[in-house]
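Reading the structure
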Amino acid sequence: MKKWLLLILVLLQFACARYCAAEDNTLVVFSARKQPLIEPVISLFEQQTGVKVVLKAGKSGALAQQILHELTAPSADVFIAKESGALEYLQSNGAFASYSSEATAKIPSYFKAQDGSWIGISGRSRAIIYNKDLIDESAVPKTLDALTDTKYAGKIAAVNSGNESLVAWVSALRIKLGDEKTKDILLKLKNNDIALLSDSHTDVRKAVGRGEYAMGLINHYYYHLQKNETDPSLRNVGIVYLDQQPGGRGEIVNVCGAGIIKNAANRRNAEQFIDFLVSPDAQKLFAEVNFEYPLLPAVETHPEVLESLNAPGTSALEAVRIMEIEIDRLGAELEKTRALLEEVQWR
Amino acid sequence: MALKLPVKYGISLIVACIMALPCICVIYGAANVDFSVWYRTVTRYVPYLMVNSVILALTVTCGALVLGGVLAFLVERTDLPLKKFFAPALVTPLIIPCYILALCYVNFFGNKGVGEKLFSFLGLPVTLPAIYGFSGAAFILILGSYPYVYTIIRASIHNIDLTFTEAAQCLGMGRRQRMVSVSLPLLLPAITAGSVLTGLYALSDFGVVSLLRYPTFVSAIYHEINGSYNYSIANALSCFLMLFTFLLLYIQDTLTGRRLFVSAKNHLRPKSIINLKYARIPAACFVIAIIIAGLVLPIGTLMYWSYSASHAASTLSIWAFSWDSLIQSGLNSVLIATVTATACVALSLPVAYLSVREKNNRMIRISAWVAQFGFALPGILVALGVSLVFRFIVPTLNFSIAAIVIALMTHFFSQGFQMISAGINQVSRRLEEGARLLGFSSLKTFGYIILRLIRPALFSAWLIVFLSSMRELPASLLLRPAGFDSLTVKVWLAASEGFYEQAAAPALLLIAASLPLAYSIMHHQHKGAT
């Protein structure tokens, strides 16, 4: 018994020593992006500036609630969201301090808030991943309307309404097609037994890679993550961007974005971090490690992404036919979209 | 102790209030929920969640009862080979937290999973079906909870009084009749205790049902807290879950409540051993299969991932494994668990003392009961409640280490309390009275006599709360401050995004930390503790 107590005391002392050694030069980042996908960028920032970043990765709903409850004394300095809807929602509740600088000015205005409250840091588009063992490329639907055909019943996997990217996608459809048509599409997919696996696209890409489903609705970079799996037998997948035909609707291209929290304790570090996120170094990391679309025009898209778009030598934002909506309108649609998803039982 | 009555009331009421606060806040929060939200909750969420949760809880309870009962019977009453080894080994699956079990199984089964790789490596190419959904969740929860039932029923079989069955035999009852009308009623308290334990276990599980994609109340609440921008539906659902838990406890209470099933004297004699004959080998194989499924296979899978993490480096270098962050999260876990265990023991000591010494005082009995309540509630509900407490009272401390500690304390108070009151029960009141007659003050008596005599009980109470806190997932996940990842959070964040290689090392560390638990249970069992 004494040995046990001694051991635990020693361990405690270690723990305390580590806490007491906390540095003052810190930055607290709340990230709705997954830890693995944001950590490389954060460690590069730490190396370049010497600022110690404290990260809390979680789901955007929970993080947004925490931010809104701490408005007077925020613990977060920067919030990183997976899509513009969550950012706009926080902005409309007065959670962000606006910021603009030379660095942020280089990002196209389509990908940032008009009042400078948040800024896009990387782009991603919706797409379909398919398993080449189970379905031929020519048989994969090329438009959203074709996807709802009954012949694909039981073959499609997707995420449930807990996923922010899916909610943003439905919001975009509602803006573009209207509530009735959107509901019709969702209900058709539901009637075709679309499998709503979880709130994570990782589950969708893995299920398609393993051959449990022929197709999956994802963000494009999940295809590339699947393509780079360690086990070669899991890599036999392809990607199709919907509605790319001339005159087609196009795919929604959304952004992963960041904003500085109002009254942030480490405002200077936060500004430095935002500038860093849109700097060529960070943009290159997003493009190379995460296969996302760099928003800074000077940075090149990952060659694998361009190859999947059949557009070598260009940039992704030129090659993809983008659905024409204003992505900063998505936040206002959030509640209605969630109500629609609840109504069609997208769970 | 010769304290004034108001002081005694004060102590037990304060502790009960602290423990009941999260519960009260959930109800208070739910009272503020809009009528339309209640309507949506009742029509769209409650029906299917209710059906899913009830079916899962029933299946897991029956499954665990049958599995645990059969194993206990084999070990206690038959000539099973290698009994000395099997008897303790069957408890060891307890050291693997259930969500880690689920994580291993989800990836063992299914197309191109670890299992298919293993079999094709052995030269036996097979296809294994995926185990998502109800059957998988039930299977894993049964595998994770049968050791509790096994332990309880085994102790009960061990202590059964043979004179009853012998008397029945003398009176001409056949074997089957003796079984049904004598032995089973004697085992009934163990069976109900086991079934309530597993029923609550299945009802409050978060990790397994999430990983196996089987929606229940708990996973729906988690989904609402995370995915939506307010707590209202989560709050309403929590109320239903709480109601549901009470119902279960009430049923148990009416089932066993006032009946007594023990004989006045315990005649412990060696029992007749049933000769299994040809069934000996199949029975041994069955036991081995359970041990493999519950212990060997998951640990093997984790080791395989650790191995592949260190050797075949992933083509994507997106999340480097680092010893430093592993050690940091280990220390975070130890910190939380130590503070929780110490606070729990400190708070339960006076309440346990009072509730043992003042058995007939209604007020104290009720407060002791209220204080233990958090154990029956699912961890996620406690976490939501604590979050609401802080939101209403001290917003600055919401999402802090203090919040995690209070949630864990509320959740595991009962474990420490039970052990300490059992310890105090064994200290005769005469000893205290003697000390007082010899001139010790009441405080000195408490310090010199009681505290010294119940030291082992204090230590085991501390240890069990410590280990439970180390392994707890939903509260640590929801309430953690920025940058404070414990081992369980680390496993969960990595595993839920499919980075199994990164989840393996913290999971193995967590299992290693649970070893004292297995040891202490085996130790108790060896002594034939009931």
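This structure is a prediction, so every number in the text was calculated from the model and none was measured. (Residues numbered from 1 in each chain as written. Chains lettered and ligands numbered in written order. Predicted model: local features only at pLDDT ≥ 70, side-chain atom pairs only at ≥ 80, totals over all residues. Heavy atoms only, no water.)

Let us look at the overall build of chain A. When its secondary structure is counted, chain A shows 15 helices and 10 strands. Relative to its length of 347 residues, chain A is compact, with a C-alpha radius of gyration of 21 Å against a globular reference of 20 Å. C-alpha extents for chain A along the principal axes are approximately 65 × 55 × 45 Å. Per-residue burial for chain A yields a buried fraction of 61% across its 347 residues. Partitioning the intrachain contacts of chain A with sequence separation of at least 6 by distance along the chain shows that 77% fall at a separation of at least 24. Entry remark: accessible area of chain A is about 13,500 Å², with carbon and sulfur atoms responsible for 51%. (Helix = DSSP H or I, 4+ residues; strand = E, 2+ residues; numbered from the N terminus. Rg over C-alpha atoms; globule rule 2.2 N^0.38 Å. Buried < 20%, exposed > 50% of the residue type's maximum accessible area, 1.4 Å probe, protein only. Contact = heavy atoms within 4.5 Å. Areas by Shrake-Rupley, 256 points an atom, 1.4 Å probe, with all protein chains shown as cover.)

Now for helix 3 (residues 60–69) of chain A. Most of helix 3 of chain A sits inside the fold, with eight of its 10 residues counted as buried. Looking only at helix 3 of chain A, the buried set comprises A:S60, A:G61, A:A62, A:L63, A:A64, A:Q65, A:Q66 and A:I67.

Glancing now at the interface of chain A and chain B. At the junction of the two partners, chain A supplies 61 residues and chain B supplies 59 residues. For the chain A and chain B pair, buried surface summed over both sides reaches about 5,300 Å², with 55% attributable to carbon and sulfur atoms. Our count for the chain A to chain B interface comes out at five salt bridges. With its nearest N and O atoms 2.9 Å apart, the salt bridge here joins A:E342 to B:R44. The interface formed by chain A and chain B includes 14 residue pairs in polar contact (both at pLDDT 80 or more). (Buried area = accessible area lost by both parts, 1.4 Å probe. Salt bridge = Lys/Arg side-chain N within 4 Å of Asp/Glu carboxyl O. Polar contact = N/O pair within 3.5 Å; in protein donor to acceptor, adjacent residues only side chain to side chain.)

The N-terminus of helix 17 (residues 429–437) of chain B is capped by B:S428, whose side-chain oxygen sits 3.0 Å from the backbone nitrogen of B:R430. Positive phi shows up at B:G439, right after helix 17 of chain B, with a value of about 100°.

Another aspect to go through is unusual backbone geometry. For residues other than glycine, phi is negative in most cases, and the peptide bonds are mostly trans. Residues and elements named next belong to chain A. Here D193, not a glycine, exhibits a phi torsion of approximately 60°, which is positive. By the element assignment, D193 lies in the loop between helix 8 (179–191) and strand 7 (195–196). The exposure class of D193 is exposed, given its relative accessible area of 55%. Backbone geometry places N263, a non-glycine residue, at a positive phi of 65°. Relative to the helices and strands, N263 is located in the loop between strand 10 (253–261) and helix 11 (267–277). Residue N263 is classed as exposed on the basis of its relative accessible area, which comes to 54%.

So, on to the domain arrangement of chain A. All names here are of chain A. Along its sequence, chain A is carved into domain 1 (19–123 + 254–301) and domain 2 (124–252 + 327–343). On the domain 2 side, the residues contacting the 26 residues of domain 1 number 24 residues. For the pair domain 1 and domain 2, the summed buried surface comes to about 2,100 Å²; carbon and sulfur atoms form 53% of the total. Among the residues domain 1 hides against domain 2, the three largest losses belong to K82, N254 and F291. Together they make up 30% of the total. Inspection of the region where domain 1 meets domain 2 yields three salt bridges. For the salt bridge of E292 with R124, the shortest nitrogen-to-oxygen distance reads 3.1 Å. Applying the counting criterion to the domain 1 and domain 2 interface returns 12 residue pairs in polar contact (both at pLDDT 80 or more). (Domains from an automatic or database assignment.)

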